[in-house]
Amino acid sequence: MFTSFKRVVKFAWSDFIRHSGNNFAAIFVLAVPILLATSLFIFQGLSQFVVSQIQSKIDITAYFNPDTKEQDILNVKDQIMKLSPHIKQVEYVSSDQAMKEFNDRHKDNPDFIAAEEEVGTNPFLPSLNIVTDQAYQYKNISDFLQSDGFSSIINKVDYSQKKDTIEKFYSITANINKSGYVLSIVLFVIALIVVLNTLKLSIEGSKDEITSMKLVGASNWFIRGPFIVQGAICGLVAFLVCFVASGAVFYFLAPSLEIIVPGFNVFNYFLSNFEFVLLIQVGFGVGLGALASFILVRSYLKV
Amino acid sequence: MIKFQNVTKTYNFHTTVLDNVSFTIKKGEFVSIVGKSGAGKTTLIKLLLGIEKPTSGEIFFDNNNVGEMTSGQLQKLRRRIGVAYQDYKLLPKKTVYENISYVMAVKGKSDQEIEKEVTQILDITGLLGKEENFPEELSGGEQQRLAVARAIACQPEVIVADEPTGNLDPYNSYEIIYILQKLNKMGKTIILASHDKDITNKLGKRVITLEDGAVIRDEEKGRFMI
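Residues numbered from 1 in each chain as written. Chains lettered and ligands numbered in written order. Predicted model: local features only at pLDDT ≥ 70, side-chain atom pairs only at ≥ 80, totals over all residues.

**Q** Explain the overall build of chain A to me, using residue names and the numbers behind them.
**A** In terms of helices and strands, chain A carries 11 helices and 4 strands. Expected size for 303 residues packed as a compact globule is a radius of gyration near 19 Å; at 31 Å, chain A overshoots this value by more than 25%. Here the C-alpha coordinates of chain A stretch approximately 100 × 40 × 30 Å along the principal axes. The buried share of chain A, reckoned over its 303 residues, is 27%. For chain A, restricting intrachain contacts to residue pairs at least 6 apart in sequence, the fraction spanning at least 24 positions comes to 85%. (Helix = DSSP H or I, 4+ residues; strand = E, 2+ residues; numbered from the N terminus. Rg over C-alpha atoms; globule rule 2.2 N^0.38 Å. Buried ≥ 20, exposed ≤ 12 C-beta atoms within 10 Å, placed from the backbone. Contact = placed C-beta atoms within 7 Å.)

**Q** Can you explain the interface of chain A and chain B? Please cite residues and give values.
**A** Accessible area lost upon the coming together of the parts serves often as the stated size of an interface. Facing 12 residues of chain A, the contacting portion of chain B comprises 15 residues. Counting residues per element, the ones that place at least two in the side of chain A that touches chain B are helix H1 (2–18) and helix H8 (207–215) of chain A. In the side of chain A that touches chain B, the residues fall into 5 nonpolar, 3 polar and 4 charged. (Nonpolar A, V, L, I, M, F, W, Y, C, P; charged D, E, K, R; others polar.)

**Q** Go over the sheet that holds strand E2 (residues 15–25) of chain B, please, and point to the residues and values.
**A** All names here are of chain B. Spatially, the 4 strands line up as an open sheet ordered E2-E1-E4-E5, and their pairing is antiparallel. Of all strands in the sheet, those with a lone pairing partner are E2 and strand E5 (64–65), marking the two edges. Bridge count between strand E4 (residues 56–61) and E5: 2 bridges; the pairing is antiparallel. Bridging across to E5, Phe-61 finds its partner in Asn-64. Seen against the sheet, helix H1 (residues 41–48) touches strand E1 (2–11), E2 and E4 and runs at an angle of roughly 115 degrees to E1. (Pairing = 2+ DSSP bridges. Axes fitted to C-alpha atoms, helices over the stretch in contact; angles between N-to-C directions.)

**Q** Residue-level account of the domain arrangement of chain A, with values.
**A** The assigned domain composition of chain A is domain 1 (2–54 + 170–298) and domain 2 (66–152). Taking only C-alpha atoms, the centre of domain 1 of chain A and the centre of domain 2 of chain A are 52 Å apart. (Domains from an automatic or database assignment.)

**Q** An account of unusual backbone geometry is needed here, citing residue identities and associated values.
**A** What is expected of a backbone is that most residues other than glycine have negative phi and most peptide bonds are trans. Residue and element names in this part refer to chain B. A positive phi is found at Tyr-88, a non-glycine position, where the angle reads about 65 degrees. Its place among the elements puts Tyr-88 in the loop between strand E6 (81–84) and helix H3 (96–106). Unusually for a residue other than glycine, Gln-155 sits at a positive phi of about 50 degrees. Inspection of the secondary structure assignment puts Gln-155 in the loop between helix H5 (140–153) and strand E7 (158–162).

**Q** Tell me about the environment of His-195 of chain B, and please be specific about residues and values.
**A** Residue and element names in this part refer to chain B. Inspection of the secondary structure assignment puts His-195 in the loop between strand E8 (189–194) and helix H7 (197–203). Measuring from C-alpha to C-alpha, the distance between His-195 and Ala-39 comes to 9.7 Å, with 156 residues separating the pair along the chain. Ignoring anything within four residues of it in the chain, the contact list for His-195 reads Val-34, Gly-35, Lys-36, Ser-37 and Glu-163.

**Q** Lay out the sheet that holds strand E3 (residues 30–34) of chain B with the relevant residues and their values.
**A** Residue and element names in this part refer to chain B. Pairing within the open sheet is mixed, and its 6 strands lie in the order E6-E7-E8-E3-E9-E10. Across the chains shown, the open sheet's two edge strands, defined by having one partner strand only, are E6 and strand E10 (214–219). Along the sheet, successive strands turn relative to each other by an average axial angle of 15 degrees, direction set aside. The pairing of E7 with E8 spans 5 bridges and is parallel. Looking at E8, one finds that Val-158 is bridged to Thr-189.

**Q** I'd like to hear about the nonpolar core, residue by residue, with values.
**A** Leu-30 and Ala-238 of chain A together with Val-148, Ala-149, Ile-159, Leu-180 and Ile-191 of chain B are the most contacted members of the largest nonpolar core, which totals 106 residues. The dominant element in this core, judged by the number of residues it contributes, is helix H9 (residues 220–260) of chain A, at 12 residues. Excluding anything up to four places from it in sequence, Ile-191 of chain B contacts Ile-25, Val-31, Ile-33, Val-158 and Val-160 of chain B. Counting residues in each nonpolar core, the second largest holds 13 residues, with Ala-62, Phe-64, Leu-128 and Val-157 of chain A among its members. (Core = buried A, V, L, I, M, F, W, Y, C linked by C-beta atoms within 7 Å.)

See below:
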């Protein structure tokens, strides 16, 4: 068994070395899906980053009556937190804190300061600021807060004002994700077809050789093995080339991209997901190379 | 050892290549199958190796019906029959050494055995010094000898040579026949498919004559007569 495996690898290696022209084409073609998969992975990371940035700015606020006790508000906060694990943050903002934030924000605008002095008292209501990671949670929370149990302490929930924006944003996000998956599948199928057709040209040249091997009594695996290993070697070389190339491209692209998407460093993302990128590239390179050879040789084994 | 029993092979329902062929070949025999081009010699070999199935009739190798063999059984059968094909069917991307050693590797021989036996076979077939050449770098005669070398590489019980002298000059032709005779003396069963009258007559061995797919003569010490 081990001797056979050793021979299969030896045959594959010597064929790989001898037919560098064909293999160069195979490596080049295998590099395309690897780079495609890597780009899609990076694009997904980028879109997730952008979505999370926007998502963190979407919230709803429950305003309480001015005389509501702080402890009652904190009780409501605890109850909201227990509603769903998708509730990421519930922040209590007291009347004083709200006023302070308002003053800080408008300290350079005399009109606002004058308006505030005109009112004379603190016009801000204590509130709970709620952030979730799922759009439909906002409606649930809003319904929960507007139930009879809280009507005596809650003045208003601003969900209805933000409803359209929230739903539109989440619908766009869902569409981006859906399109990403569809695009990935379409590109993968195209890549597979291109790889199969290119490797087919290379393996078709070995059709007679495969027939001769069958006629001397070689088993299907003994014939197919070297082609599969050779496909895997091509994939491995394609992976090495792509890994170095994509690392270099992301390194030089990072500063420019960070200007467009502040806070997202593509090279750091590449490094922090090193294992996953490695897995994708090795998987696509070696896996696709071996799979394509497996499928193609199969059709010539019927002798 | 080999038995063809009322074998008929028809292509496209109307082209009959072999017509009710029956004969038996005993172990250690040297049999020439002769006939004009298109008489059905190559089809006979294809049927023996299970490359094609007979339209009717049965072929037995050691009492096993070749037509009913599974893919795995055919593999084993083909390891027992070494064939030198008319068009050589060499492995073009492998060297002379690798063409021969491949067959031994298929049979699971160790590296040491392969190294030793390949050298012997190269010596027998006069290919010593050509080990590192690829088939396309060999002359017609050398390619033919390599085909024979590969056929005998795994020490098969039966060696089939399909028109082994078809593309060769008389000198190389007799060299190939000499090798086959030597192997026959070593106890191997030899089946020689040929349309070379001189060679068949000089052999003085059993001759099965095919004409239009039918056996018209089967003589112990036969001659090429068509």
